[in-house]
Amino acid sequence: MSTSPTSPTSNKTKEIFQRWDVHGTGVITRKRLTELLTAVAGKSVTEEEIERCIAEADKNKNGIIEYNEFIEWLQQPMGTVRMGSQGLEYFDLEACVRPLYDVYDQDGDGLVSMEEFIGCQTILQNSLGLKSKVSLEEQFKKEFGKEGTTSVPLLEDDAKRVFVQVDQDKSRSITFKEFLEWQREQLVAAKTPSKELEELLPALARQLKRVFKFEEEEEMNACDSRVLQRIVDNLAKFCVEIWSEKEGEKQKAKPMLALTGKARHYTNRWSEPPVGLNTKKLKAKYLATESCVVAGKIHENIDLDLMVIPELLEGEDESPRNRVWLAQIIQKVTMKDGKVRSDDPVYYEFVSLSWNKTVDAVVKFHKSYDAMPPELRMFSLLKAECDFSSRLNWPQLQRVFNRCKSHGIVTAAQHTEYNQTMELRVTKALKEEDLLTGLSKEETEKKIEENLVALTQRPQDVMALMSDLKMFQVSSVWADFMT
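This one's a predicted model, so the numbers in the text were calculated from it and none came from an experiment.

Analysis parameters
- Residues numbered from 1 in each chain as written.
- Predicted model: local features only at pLDDT ≥ 70, side-chain atom pairs only at ≥ 80, totals over all residues.
- Heavy atoms only, no water.
- Helix = DSSP H or I, 4+ residues; strand = E, 2+ residues; numbered from the N terminus.
- Polar contact = N/O pair within 3.5 Å; in protein donor to acceptor, adjacent residues only side chain to side chain.
- Contact = heavy atoms within 4.5 Å.
- Buried < 20%, exposed > 50% of the residue type's maximum accessible area, 1.4 Å probe, protein only.
- Pairing = 2+ DSSP bridges.
- Phe/Tyr/Trp six-rings, centres within 6.5 Å; stacked < 30°, edge-to-face > 60°.
- Lys NZ or Arg CZ within 6 Å of the ring centre and 35° of its normal.
- UniProt positions renumbered as here; feature names shortened; annotations may be inferred.
- Axes fitted to C-alpha atoms, helices over the stretch in contact; angles between N-to-C directions.
- Parallel < 35°, antiparallel > 145°, perpendicular 65-115°, else oblique.
- Nonpolar A, V, L, I, M, F, W, Y, C, P; charged D, E, K, R; others polar.
- 1 Å grid on protein atoms, 1.4 Å probe; cavity = no way out; pocket = protein on both sides within 12 Å on 5 of 7 lines; lining within 4 Å.
- Points joined across faces, edges and corners; volume = space filled by probe spheres on them.
- Salt bridge = Lys/Arg side-chain N within 4 Å of Asp/Glu carboxyl O.
- Left-handed = near helix turned anticlockwise from the far one by under 90°.

**Considerations on the side chain of Asp480**
Moving on, step 1. Looking at the secondary structure, you find Asp480 in helix α21 (residues 479-482).
Moving on, step 2. For Asp480, the side chain forms a polar contact with the side chain of Arg210, separated by 2.6 Å.
Moving on, step 3. Every residue in contact with Asp480, bar those within four places of it in the chain, is listed here: Arg210, Lys213, Arg269 and Trp270.

**What to know about the pairing of strand β8 (residues 325-334)**
Moving on, step 1. Across the 10 residues that make up β8, a large majority, nine, are buried.
Moving on, step 2. Pairing of β8 with strand β10 (residues 346-351), which is carried by five bridges, proceeds in the antiparallel orientation. Each bridged residue has a counterpart across the sheet, and for Gln328 the counterpart in β10 is Tyr347.
Moving on, step 3. Linking β8 to strand β9 (residues 340-342), which pair antiparallel, is a turn of five residues; within it Gly338 sits at a positive phi near 95°.

**Remarks on the packing of aromatic side chains**
Moving on, step 1. Tallying each qualifying case throughout the model produces 19 aromatic pairs.
Moving on, step 2. Ring pairing ties together the aromatic residues Tyr101, Tyr104, Phe117, Phe163, Phe176, Phe179 and Trp182, which thus form one cluster.
Moving on, step 3. In this arrangement the basic side chain of Arg98 is found over the ring face of Phe176, its NZ or CZ atom lying 3.8 Å from the centre.
Moving on, step 4. Cation over ring: Arg377 sits above Tyr369, and NZ or CZ is 4.2 Å from the ring centre.

**Considerations on the UniProt feature "domain: EF-hand" (unreviewed entry) in the protein**
Moving on, step 1. Taking the numbering used here, the UniProt-annotated feature "domain: EF-hand" (unreviewed entry) corresponds to residues 8-43, 45-80, 92-127 and 154-189.
Moving on, step 2. Here residues 92-127 runs as 72% helix and 6% strand, with 28 Å between its end C-alpha atoms.
Moving on, step 3. Helix makes up 69% of residues 154-189 and strand 6%, and the two end C-alpha atoms of the span are 10 Å apart.

**Focus on the packing of helix α6 (residues 114-127) against helix α11 (residues 194-215)**
Moving on, step 1. At a minimum axis distance of 11 Å, the contact between α6 and α11 shows a crossing angle of 100°. Relative to α11, the element α6 lies roughly perpendicular. On the side of α6, the interface is formed by Cys120, Ile123 and Leu124, while α11 contributes Leu204, Leu208, Val211, Phe212 and Glu215.
Moving on, step 2. Tallied by class, residues from the contact of α6 with α11 come to seven nonpolar, no polar and one charged.

**Here we look at the layout of surface pockets**
Moving on, step 1. Empty space within the second largest pocket amounts to approximately 510 Å³.
Moving on, step 2. Forming the walls of the second largest pocket are 24 residues, and the residues nearest its centre are Glu49, Arg52, Thr80, Leu93 and Arg184.
Moving on, step 3. At the level of elements, α3 (47-57), α5 (93-104) and α10 (176-190) are the ones that each hand at least two residues to the lining of the second largest pocket.
Moving on, step 4. Of the residues contributing to the lining of the second largest pocket, the split by class is eight nonpolar, five polar and 11 charged.

**What about the pattern of salt bridges?**
Moving on, step 1. Evaluated as defined, the whole model comprises 18 salt bridges.
Moving on, step 2. Glu48 is the salt-bridge partner of Arg52, the closest N and O atoms lying 3.3 Å from each other. Highlighted residues: Arg52 and Glu48, both in helix α3, separated by four residues, approximately one helical turn.
Moving on, step 3. Judged by relative accessible area, which is 18%, Arg52 ranks as buried.
Moving on, step 4. A relative accessible area of 43% places Glu48 in the partly exposed class.
Moving on, step 5. For Arg161, the salt bridge is made with Asp157, and the minimal N-O distance between the two is 2.5 Å.

**Describing the pairing of strand β7 (residues 303-310)**
Moving on, step 1. In terms of burial, β7 is largely enclosed, as seven of its eight residues are buried.
Moving on, step 2. Pairing of β7 with β8 involves eight bridges; the strand directions are antiparallel. Each residue of the ladder has a partner; that of Pro310, found in β8, is Trp325.

**Section: the packing of helix α16 (residues 374-385) against helix α17 (residues 394-406)**
Moving on, step 1. At a closest axis distance of 10 Å, the pairing of α16 and α17 adopts a crossing angle of 140°. The pairing of α16 with α17 is recorded here as oblique in orientation. In the crossing of α16 with α17, the sense of the turn from one axis to the other is right-handed. Contacts between α16 and α17 involve Met378, Leu381, Leu382 and Glu385 from the former and Gln396, Leu397, Arg399, Val400, Phe401, Arg403 and Cys404 from the latter.

Written out as structure tokens, the structure is:
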């Protein structure tokens, strides 16, 4: 963040400072700081918050904030107030840490027991290799053949010893306040920018949730194992990005990030749809109210390109029970001359057990869609095609692939490769049952086609094969719809 005299940021900062330095004395007093915090936070601030801000900003300890101190304060990675694109912004560390605390509190009783704490810490330690024979740091040295260090103090000590330190009132359980202060201390030392923490901490919490979800499974197949491995990999990357001690621009974290790569995560994810979600009713409503097809002028039946996705959850409420589901319908009509006409998309929200066309649906849909990884977009199309049941047939799958191609999710070559792989599997099964012996080439092809058409697959099975064919890279988000 540049603060040179000629930079726009510097000018903006000076304007803000002068606004709160009402007497032109070159300082902001405690009273004016309280007013500033209240205005930026949009709520009343506590004495504890005011004291914290003074400790952050008042470097010479004279009880007031001078202009140079104000500039430095806004540049601090963990500062309570920062400069944003629209002016001053309030950084709510409590809201960032709460999702992580809720995962540590596995039984939801409002407290983290020693057993719960050790369980979560151990998972994070194992993800970093701190409990394995070859640590992540040793992996780095082996990979690059030279010295390199990174430090994640929060995970380097024995989990039981850390629990005792965090449990300040010695109640043998950790309150949210104790957990928050522990995290604050670690994050201040790490110097991770607050803008990154607002995304990274909730994302880390989601990865931990997914690990526990897998622990509930009695059996895991090969695809499940790959999903779990990706979750563990992401945990390691998030731990390094959040808690590694940094000098300047993450100098100490760079070696480890060079080994692990930048953690990729997506803000929208899958959850089970609400009871009553029905695409047949939605299609019927669209045809009755929106379709403008003139009778006798179409060559084939109308094709409704339908995608149904969960709304992007934001803020403190991340409960799937409160999610709104969104739909986009594009009517495609094949004319007698062979031309295909695509109508403008229409958008709906599923609210109070019914589909409703709303003004906000289009914005909500595209915001939620853009936040979904490609594999989740395909899974959403699969689920919508089978009306959220457990299986879909071969013609339905072909329709989904065609929609995926039109949406840019898969290529024509990938579609062909998938079909050829399924044909080989069906052929092999028929040969093993000796059902192709004595048939001509034409009869063999017909037999294979008949069996393909009769085939039904789970959407999860389709995604697993897509992974096996390396069309999609398995990510931790798969845990939300594969298990």
